[in-house]
Amino acid sequence: MKTRKGFTLVEVIVSIALLGLIAVGFLMALTGYVRYISVTKTITQDIFQAQEKLELDIQTVKSNIRNGTTGGLTEQTFAVFGQSFVGYPLVQQVEQHKLNTVVGSAIPIDLPV
């Protein structure tokens, strides 16, 4: 009698089932990753939009300072690295993302490195 080399039908079906289970696991992980990328894209777009608005606000405040007006903003004193300075606080919020900055009303002193 000749010995035949190869796989039986049962072995082929079991291997296909195992490959299917592994593929389902990879697809689940891939789906979660695509969802994460989508959420991250939305957050990044919101932050860039808020940053753009904040930069326009900074230019407006700088323009107002050069013209000698305050533009309705009030000066506040801030402490940074043990030094205090006077500036105008600006806040920009898009969705749930909030950006804060301060536009100084004068050129700050040089801080030691």
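Structure: above.
Quick caveat, the model's predicted, so the values are computed rather than measured.

**Focus on the overall build of the protein**
Item 1. The helix and strand tally for the protein stands at one helix and three strands.
Item 2. Counting helices and strands in the order they occur from the N terminus, the protein gives α-β-β-β.
Item 3. Relative to a compact globule of 113 residues, whose C-alpha radius of gyration would be 13 Å, the protein shows 30 Å and is clearly more extended.
Item 4. Seen through its C-alpha atoms, the protein measures out along the principal axes to roughly 105 × 35 × 20 Å.
Item 5. Across the 113 residues that make up the protein, the buried fraction comes to 12%.
Item 6. If you take every contact in the protein between residues at least 6 apart in sequence, the share linking residues at least 24 apart comes to 42%.
Item 7. Total accessible area on the protein is roughly 9,600 Å²; 63% of this is exposed by carbon and sulfur atoms.
Item 8. Of the charged side chains in the protein, 9 are positive and 8 negative; the average position of the first set lies 22 Å away from that of the second.

**Focus: the nonpolar core**
Item 1. Judged by nonpolar contacts, L54, I58, V61, Y88, L90 and V103 together constitute the single largest core of six residues.
Item 2. Listing elements by their share of this core, those giving two or more residues are α1 (9–67) and β2 (83–94).
Item 3. Counting residues per element, this core draws most heavily on α1, which supplies three residues.

**A look at the sheet that holds strand β3 (residues 97–104)**
Item 1. With respect to topology, three strands assemble into an open sheet ordered β1-β2-β3, the strand pairing being antiparallel. Two strands in the sheet have a free side with no partner beyond their single neighbour: β1 (76–80) and β3. Neighbouring strand axes in the sheet, compared pairwise and without regard to direction, differ in orientation by 55 degrees on average.
Item 2. Here β2 pairs with β3 via eight bridges, running antiparallel. Paired with V91 across the strands is N100, a residue of β3.

**Observations regarding the packing of aromatic side chains**
Item 1. Going through the model one piece at a time under the given rule, you end up with one aromatic pair.
Item 2. Centre to centre, the rings of F78 and F85 are 6.0 Å apart; their planes meet at 35 degrees, and the pair counts as tilted.
Item 3. Given a relative accessible area of 28%, F85 falls into the partly exposed group.

**Examining the pairing of β1**
Item 1. For β1 and β2, the ladder comprises five bridges, and the chain directions are antiparallel. Note that in β2 the partner of F78 across the bridge is F85.
Item 2. Counting the residues that bridge the hairpin from β1 to β2 gives two residues, and of these F81 lies at a positive phi of roughly 55 degrees.

**Some thoughts on the side chain of N64**
Item 1. Mapped onto the elements, N64 comes out in helix α1.
Item 2. Setting aside chain neighbours within four positions, we find N64 in contact with T69, T70 and G71.

**Points about α1**
Item 1. Here α1 spans 86 Å end to end across 59 residues, near enough to the 87 Å set by a 1.5 Å rise per residue.
Item 2. The complete set of buried residues in α1 reads D46, A50, L54, I58, V61 and N64.
Item 3. Looking at the buried residues of α1, the elements they touch are β2 and β3.
Item 4. One or two positions beyond α1, positive phi appears at G68, with a value near 80 degrees.

Cut-offs used in this document
Residues numbered from 1 in each chain as written. Predicted model: local features only at pLDDT ≥ 70, side-chain atom pairs only at ≥ 80, totals over all residues. Heavy atoms only, no water. Helix = DSSP H or I, 4+ residues; strand = E, 2+ residues; numbered from the N terminus. Rg over C-alpha atoms; globule rule 2.2 N^0.38 Å. Buried < 20%, exposed > 50% of the residue type's maximum accessible area, 1.4 Å probe, protein only. Contact = heavy atoms within 4.5 Å. Areas by Shrake-Rupley, 256 points an atom, 1.4 Å probe, with all protein chains shown as cover. Lys, Arg positive; Asp, Glu negative; His and termini not counted. Charge placed at Lys NZ, Arg CZ, Asp CG, Glu CD. Core = buried A, V, L, I, M, F, W, Y, C linked by side-chain atoms within 4.5 Å. Pairing = 2+ DSSP bridges. Axes fitted to C-alpha atoms, helices over the stretch in contact; angles between N-to-C directions. Phe/Tyr/Trp six-rings, centres within 6.5 Å; stacked < 30°, edge-to-face > 60°. Expected span 1.5 Å × (residues − 1).

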